[in-house]
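Single-letter residue listing:
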Amino acid sequence: MKRKLLFTVLLIISMMISACGKSGNIQATTTEADNEVRYKVDYCGRKDDYFGAKSSYKPGEKVSLVYSIIATDTDYSFYLDGESLNYKYDETKGFLITFTMPDHDVKLEMEAKNTMMAIENPTEDTTEDTTEGKTEGKTEGKVEGKTEDDGSDAAAASSTKCPLKVVYYDDVSIDETGMEYWTLFNDTYSTRVVMTTDLGLVDFRIVALMMQDVDASGNATFVYDVIEQDPYLDKDRKLLVTLSFYGDTPNIGIAYKDPKTAEEQVFALYQSGKDGSLCLENITGYASKRVSYLETDVLDKYSQVLMNYKDSPDAAGMEYIVVDINNDGVLEMLIYIDGKLHQIYTYDGSQSVVGLGSASDSELTLYDDCMASRRDEDGDGSVIETYYRFNPNVAFFLPVVETRYKPDENGNAVDQEYYIFAVEGNWGMFEEEYAEFDMYPTWAGEWGDMITADEYEAKISKGSVFEPPMKASVLDFEGF
């Protein structure tokens, strides 16, 4: 017999408090109960680059996408099954692409062509090198020794020298055990590089640079968008990154928090005009993050939440961090009380909502594979441990499996039972009902079948506990 979980009641209450609206990005998914025919879109490995992208659509449905990963001096074209697509350009959003879904699967391609004219005799860099690995006051000058390091932590942490080492993959012999593969661009200009560091980097990001202006002295200013990010790049990790360099103006950079000062550091990554070698140059004073229209919306909503928390009597022990926990381009906000995770806020396309929360006597844990667990105690002394998986399409952590038991005097589990939730394996039906009725379907919080311990173990998180690199005091919050 199905039994409802306390999670349903708590989540419905949180939804009422947040006045939760309809998700702005419900992904169409065919289920056994879905009689409507849908066709797939092949994004050629770039689905995450298109805001609003779904995996499949109904025939005749209007498809609206936004492509915002844009480099300077580059022309872009978009093709659907080889036929050119019309699009509009919005300075604050990017390329606005629309088409009507036909009655078959389709392939959406993006083509980028560099428009910068080649210079036969590039100007030699004669600027005196006055700081370690940095050309004074220049953001486009070619500098020497960009990736060398003297091995000391002090040098690695220096604001003028980058602690990241970047080399062409084809130029090194490296043990690929444990190698992580990041694909940023995959076109005719693509090349592969290996990134390593001797010092752990907090809030590590690879960014797309866009040059905004060049003053009379030749100093260029840039804005940047985050392409890939990781809360902490450990010194033992190796990244094999596929990226593209378009022309002589830097279009790729890296950013991180300085390990000594926690200040933002931004470096341009480009190819030397002399010999094609890889160069890293500090442009921190000349680069700023471009806040997209979507992020502006999200941060405005989180600001309201934090201001409310700031007026709370418990604010002295509260901390927060804003981070994209699943790398889908939508920021989440984690709230901690006295060092313990309390609430996970996310954004449903119109407002902030509590994706998962805990009561005062609960233990909430977030894992780096986008699962979470919560431990509660029932009134009869039973222990309840529930695992949730994040569904970004509806901005909720949905329950997966649960175990209940009564601990004996030594804390060992007695009469332990395991259950799987009805929503597991039925996400498509959940998304459709949520979109249609604008509320959380109660059946999603009900148990489905009793399962074995092995089946339970196969469903729970295999990730590591998410450790926030740095948190900020709610009392100190003045706005993003």
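Worth saying up front: this structure is predicted, and the values here are computed from it rather than measured. (Residues numbered from 1 in each chain as written. Predicted model: local features only at pLDDT ≥ 70, side-chain atom pairs only at ≥ 80, totals over all residues. Heavy atoms only, no water.)

A. Broad picture of the sheet that holds strand β2 (residues 50–51). Across the sheet, which stays open at both edges, the four strands sit in the order β2-β4-β8-β7 with antiparallel pairing between neighbours. The two strands at the open ends of the sheet, each matched to only one other strand, are β2 and β7 (87–90). Looking at chain direction, strand β4 (residues 62–67) and strand β8 (residues 94–100) are connected through six bridges and run antiparallel. The residue bridging Val-66 from the neighbouring strand is Leu-96, located in β8. (Pairing = 2+ DSSP bridges. Helix = DSSP H or I, 4+ residues; strand = E, 2+ residues; numbered from the N terminus.)

B. Layout of unusual backbone geometry. Here the phi dihedral of Cys-44 falls at roughly 55°; this positive angle occurs in a residue that is not glycine. The residue Cys-44 is located in the loop between β1 (39–42) and β2 in this model. By relative accessible area, Cys-44 is classed as partly exposed at 36%. Non-glycine residue Asp-338 carries a positive phi angle of around 50°. Structurally, the position occupied by Asp-338 is in the loop between β21 (332–337) and β22 (340–347). On the basis of relative accessible area, Asp-338 is assigned to the exposed category, the value being 65%. (Buried < 20%, exposed > 50% of the residue type's maximum accessible area, 1.4 Å probe, protein only.)

C. Focus on the nonpolar core. Grouped together as the largest cluster of nonpolar side chains are 48 residues, with contacts concentrated most on Tyr-50, Leu-65, Met-195 and Phe-204. For Phe-204, the residues in contact, after removing those within four places along its chain, are Leu-164, Trp-182, Met-195, Glu-228, Gln-229, Asp-230, Pro-231, Leu-233, Leu-239, Ile-254, Ala-255 and Tyr-256. Grouped together as the second largest cluster of nonpolar side chains are 17 residues, Val-298, Leu-306, Met-318 and Val-474 included. (Core = buried A, V, L, I, M, F, W, Y, C linked by side-chain atoms within 4.5 Å. Contact = heavy atoms within 4.5 Å.)

D. Seen up close, the pairing of strand β13 (residues 201–214). Relative to strand β14 (residues 220–233), β13 runs antiparallel, the two sharing twelve bridges. Paired with Met-211 across the two strands is Phe-222, which belongs to β14. In textbook terms, the turn of a hairpin is the stretch between consecutive antiparallel strands, and for β13 and β14 this stretch comprises five residues, one of which, Gly-218, has a positive phi near 90°.

E. Quick look at the sheet that holds strand β11 (residues 180–183). Reading across the sheet, the four strands line up as β10-β12-β15-β11 and stay open at both edges, with mixed pairing between neighbours. The open sheet is flanked by β10 (164–168) and β11, the only strands paired with a single partner. Each neighbouring strand pair of the sheet contributes to a mean axis angle of 30°, computed without reference to strand direction. Summarising the sheet, strand β12 (residues 190–197) and strand β15 (residues 239–244) pair through six bridges and their orientation is antiparallel. In the strand pairing of β15, Thr-191 is matched with Leu-243. (Axes fitted to C-alpha atoms, helices over the stretch in contact; angles between N-to-C directions.)

F. Looking closely at the environment of Phe-421. Inspection of the secondary structure puts Phe-421 in strand β28 (residues 413–421). A C-alpha to C-alpha distance of 7.4 Å links Phe-421 and Asp-449, two positions 28 residues apart in sequence.

G. Fine view of the pattern of salt bridges. With the rule as written, the count across this model stands at 17 salt bridges. As a salt-bridge pair, Arg-38 and Glu-432 come within 3.4 Å of each other at their nearest N and O atoms. With Arg-38 in the loop between α1 (6–18) and β1 and Glu-432 in helix α4 (residues 427–437), this pair connects stretches of sequence that are 394 residues apart. Residue Glu-432 is classed as partly exposed on the basis of its relative accessible area, which comes to 29%. (Salt bridge = Lys/Arg side-chain N within 4 Å of Asp/Glu carboxyl O.)

H. Spotlight on the pairing of β15. For β15, the buried fraction is high: six of the six residues fall into the buried class. Residues Leu-239, Val-241 and Leu-243 point to one face of β15 and Leu-240, Thr-242 and Ser-244 to the other, with burial holding for every one of them.

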